Amino acid sequence: MMPGRVFPFSMEKDEKDRYLTGKMIELTQYHRDHCSAYRKMTDALGCDLRRITHYSQLPYLPVSLFKDLRLSSLEEGEDDFKTVTSSGTSGQRRSQIILDARTRTDQQTALARIGSDFLGTRRMPYLVIDCPATVGKRDHFSARTSGILGFSIFGAHRTFALNDDMCLNKDALHDFLEKYGRQPFLVFGFTFMVWKYFCQELEAEGMRPDMRRAVLVHGGGWKKLADQAVSKEAFAAGLGRVCGISRVIDYYGMAEQTGSIFFECECGHLHCSDYSGILFRRPEDFSVCGPGEEGIIEVLSTLPRSYPGHILLTEDQGRLLGIDDCPCGRAGAYFEVSGRIEHAELRGCSDTYEDRS
C-alpha cells in the first residue's frame, strides 16, 4: 500500500516507474521466499533480481497457471484465508486465488480509493443485477460474489434485481425505485448479465422503469455480446432506451488480481491507478509493445501478498493509448482492451454464466 496517498491517480511516469519497479522487486523476492513453486519457476527463468532495472524485466506468470496450481505464499500455519474462484462454465477449469486478511484489506482499501474517484465518497442505494444466492457462501466464493461484495462499500440498502432462477424480480425492482429512484443510486452487474437478464428482459416485458439517476458500473468481458454483434455503443443505447440510464462505467479486472481494478474514465479510456501497472507484449517474442501497438496484456499489482499474482500475463489483448495526458486529467497509463487472444479459453464473470434452461 501507499501510506498517505488518497488520490489514486497522482503518480506521473518517472515516479511511477521507480515506485512500481521497487515494489515489484520486493514482492517477487517475498513470493520467492514464501512459495516454493514460484521460486522454482523463477529460478528456471533465470531470475536475478540484482540485475533488474525496470519492472518490465521481471518474470510474469500466465494467468491460466492458477487453474492448474494452487499457489500460496501464506505463512506456515496461517489459516485465516479465503479462496476466490474465477467463473467458468460447466467442466471448465477455474482459478483458485488464496487471500489472507491483509491482502483482502489492502484490496478493499484500493478499491475504495479508486472507486471513490469515479463514484464519490457518499454511499448510494445499491441495486445489484444478480441473484441473492450468489453471495450465499463466504469462505469459498466466486468472482461474481467478490464483485458484488466489493462494490457494496459504495452502496447502501442492497437490493437484488433478479431471483435465484435469474428471472427479473419485478417487485424488488419496483420497491427499490419507489424508495430510492428520485436520488442518485448505484447499479452494479456483470456485462452480459446486465444485457441479457435485465435490459433485454425489461424490453421483452414492455417495462420502462425510470432509472435516469442511476450510475451503472459493469465489467466481466464483452465476448458474448460481441458474438451477438452488441457493441459498447449499442449496449449503452439499449440501457438508455429501456430504462434511461445514461451514466455507464465499464471496468477491466480479474479474480486473479482483485482490487487492482481499471476503471473507464469520462473519455472512454481505461486507467491504471497508483496500485497497478500495465504492459503490452508482442505475441511472437513477448517483447514490450510501443504506444498504440496491439499486444497481449500484462497486468501488475502492488496488492497480492498471500499468493504470487503480482505480475500476470493475461489472455486478453489491447494497446496503450498514452501516459499522463488523458483529457480526464488523471495521471498514469490509459489503454483499451480489444478482445481475447484467439483460441484462449473463455473467461469472465458475465461471459461464462451458464444458462439454467
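Structural data are supplied above this passage.
Notes on the structure in this doc start here. (Residues numbered from 1 in each chain as written. Predicted model: local features only at pLDDT ≥ 70, side-chain atom pairs only at ≥ 80, totals over all residues. Heavy atoms only, no water.)

## Description of the packing of aromatic side chains
Geometry of an aromatic ring pair is reported as the spacing of the ring centres plus the angle between the planes. Taken as a whole and judged by the stated rule, the model has 19 aromatic pairs. An angle of 75° between the planes, with centres 5.5 Å apart, marks the rings of Phe 176 and Phe 185 as edge-to-face. The buried category is assigned to Phe 176, whose relative accessible area is 2%. For the pair Tyr 251 and Phe 263, a centre-to-centre distance of 6.3 Å together with 40° between the ring planes defines the contact as tilted. On the criterion of sequence distance, the pair formed by Tyr 251 in strand 9 (residues 247-252) and Phe 263 in strand 10 (residues 262-263) is long-range, its members being twelve residues apart. Per residue, the accessibility class of Tyr 251 equals that of Phe 263, and both read buried. Three or more aromatic residues joined by ring pairs form one cluster here, namely Phe 7, Phe 9, Phe 118, Phe 151, Phe 154, Phe 188, Phe 190, Tyr 251 and Phe 263. The ring of Phe 118 has Arg 330 lying over it, and the distance from NZ or CZ to the ring centre is 4.0 Å. (Phe/Tyr/Trp six-rings, centres within 6.5 Å; stacked < 30°, edge-to-face > 60°. Buried < 20%, exposed > 50% of the residue type's maximum accessible area, 1.4 Å probe, protein only. Helix = DSSP H or I, 4+ residues; strand = E, 2+ residues; numbered from the N terminus. Lys NZ or Arg CZ within 6 Å of the ring centre and 35° of its normal.)

## Quick notes on the pattern of salt bridges
The tally for this structure, following the rule as stated, stands at 22 salt bridges. Between Lys 13 and Asp 17 there is a salt bridge; the shortest N-O distance is 2.8 Å. Pair noted here: Lys 13 and Asp 17 are both in helix 1 (residues 13-34), with a separation of four residues, about one helical turn. Linking Arg 305 and Glu 26 is a salt bridge whose minimum nitrogen-to-oxygen distance equals 3.7 Å. Of this pair, Arg 305 sits in the loop between strand 13 (295-301) and strand 14 (311-323) while Glu 26 sits in helix 1; the two residues are 279 residues apart in sequence, bridging distant segments of the chain. For Arg 305, a relative accessible area of 12% puts it in the buried group. Take Glu 26: its relative accessible area is 39%, and that puts it in the partly exposed class. Salt bridges sharing partners connect three or more residues here, namely Lys 23, Glu 26 and Arg 305. (Salt bridge = Lys/Arg side-chain N within 4 Å of Asp/Glu carboxyl O.)

## Focus on the pairing of strand 12 (residues 276-281)
Of all the six residues making up strand 12, six are buried; the element is thus mostly covered by neighbouring parts of the structure. Neither face of strand 12 is open: one carries Ser 276, Ile 278 and Phe 280, the other Gly 277, Leu 279 and Arg 281, and all of them are buried. Examined bridge by bridge, strand 12 and strand 13 share six bridges and lie antiparallel to one another. Residue pairing for strand 13: Ser 276 is matched across the bridge by Ser 301. (Pairing = 2+ DSSP bridges.)

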